[in-house]
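Read off the chains here:
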Amino acid sequence: MGKRLTDNLSSRYIEAANNLKPKCARRKIVAYVESYDDVLFWRSILADYEDQTRYFEVMLPSRSTLAKGKKTVLMNQLGKNMIACVDSDYDYLLQGRTQTSRYMLGSPYVLQTYAYAIENYLCYAESLHEVCVTATLNDHPLIDFPEFMRQYSRIAYPLFVWSVWFYRKQNLSEFSLLDFCSFVRLDSVNPRHPEDSLAQMAKRVNKKLYSLEKAHRASLEEIEQLKQEFAQLGVTPDTTYLFIQGHHVMNNVVLRLLVPVCNSLRREREEQIHRLALHKVQLQNELTAYDRSVVGVDQVLRKNTNYKQCPLYQRIRRDVEEFLQLLQPAATPPPCNTHS
């Protein structure tokens, strides 16, 4: 009886151990990304397409060095078992006017963000309230974030069109990406009057627009044509923030908005605790518990995943599905080696 029980336990252990091993006969597809920050974003997309026939391994672009970045990713020999997952930057909007843009648009083995970078998804307007709730544990909506980002985008849009126009002309000395970002930053934001920061930005933008239109009167028709092309590419006045440099949008727009909002929400919660506490011991305990529960809004924003309803994100998914069609019909999986 004791030996039979031991045999049963051994069998169960072996079965459990085998279940921990990777599935045999699955196609491994390597997905190269630009940096550490990109791993989670692309993993969250590609994991939805894993099954008993294939799986993805998301990794940095080089196995032998610490080299990173889009150029290093695209230098790899891509194919059905090796793909590149990269930020679009301006390459999507350049529409084949550079070698990199042509390669990204033409290769089925290159997946791109369409938005400038993954940071633009992390800053997806419809998700920013949830970011604040997670950071402060206070669900009081102080600002309509989607409307704020729409207003921001509408102000930035005309100057953004000029920025891409200069890029297409390869004339970065007159109006560089850095120059553009300096005009569409936010200064300090007052949560009670967030419109003030937009008004200050609008003054800078309008002044620069006037000088560009005056200096390039002969190109105004091209600018209007570019706006029409943008509409076909999914760039609208309401969504411009998704196509502006990602780090700029995160650090100089969204965090400058979220930090004061979250500070206000924390103060509001702490004032409530002070008001409702029955005695000093309860007050101290509640304040300590609350302080331990809140998280820095910058940390929450960088781990944000509530952007999957973004239309651009759905375009990435369609590209993944089109790539997987290239793998069909899949070869019959070889039998597992039972002796290994």
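Figured I'd write up the structure that's included with this text. (Residues numbered from 1 in each chain as written. Predicted model: local features only at pLDDT ≥ 70, side-chain atom pairs only at ≥ 80, totals over all residues. Heavy atoms only, no water.)

This part is about the sheet that holds strand β3 (residues 82–86). Across a sheet, strands are paired by hydrogen bonds formed along the backbone, either parallel or antiparallel in direction. The strand order β2-β1-β3-β4 describes an open sheet built from 4 strands, whose pairing is parallel. Two strands in the sheet have a free side with no partner beyond their single neighbour: β2 (54–59) and β4 (110–112). Strand-to-strand twist of the sheet, defined as the mean angle between neighbouring strand axes without regard to direction, takes the value 25°. Note that strand β1 (residues 27–33) and β2 share 6 bridges and pair parallel. Along β2, the bridge assignment pairs R27 with R54. (Pairing = 2+ DSSP bridges. Helix = DSSP H or I, 4+ residues; strand = E, 2+ residues; numbered from the N terminus. Axes fitted to C-alpha atoms, helices over the stretch in contact; angles between N-to-C directions.)

One can find L233 in helix α11 (residues 220–233). Sequence separation between L233 and Y92 is 141 residues, and the spatial gap between their C-alpha atoms is 8.7 Å. Excluding anything up to four places from it in sequence, L233 contacts Y92, L93, Q95 and R315. (Contact = heavy atoms within 4.5 Å.)

It is worth spelling out helix α7 (residues 128–136) at this point. Listed in full, the buried residues belonging to α7 are L128, V131, C132, A135 and T136. Mapping the buried residues of α7 onto a view down its axis gives an arc of 110°, with all of them on the same face. Structurally, α7 contributes buried residues whose contacts are with α6 (118–122), α8 (145–168), α12 (246–276), α13 (280–293) and α14 (297–302). Backbone geometry just downstream of α7 places L137 in the positive-phi region, at approximately 60°. (Buried < 20%, exposed > 50% of the residue type's maximum accessible area, 1.4 Å probe, protein only. Arc of directions from axis to C-beta.)

L93, Y152, F160, F180 and F230 are the most contacted members of the largest nonpolar core, which totals 101 residues. Per element, the largest residue contribution to this core is 14 residues, and it comes from α8. Excluding its chain neighbours within four sequence positions, the residues that come into contact with F230 are L93, Y157, F160, V161, V164 and V235. (Core = buried A, V, L, I, M, F, W, Y, C linked by side-chain atoms within 4.5 Å.)

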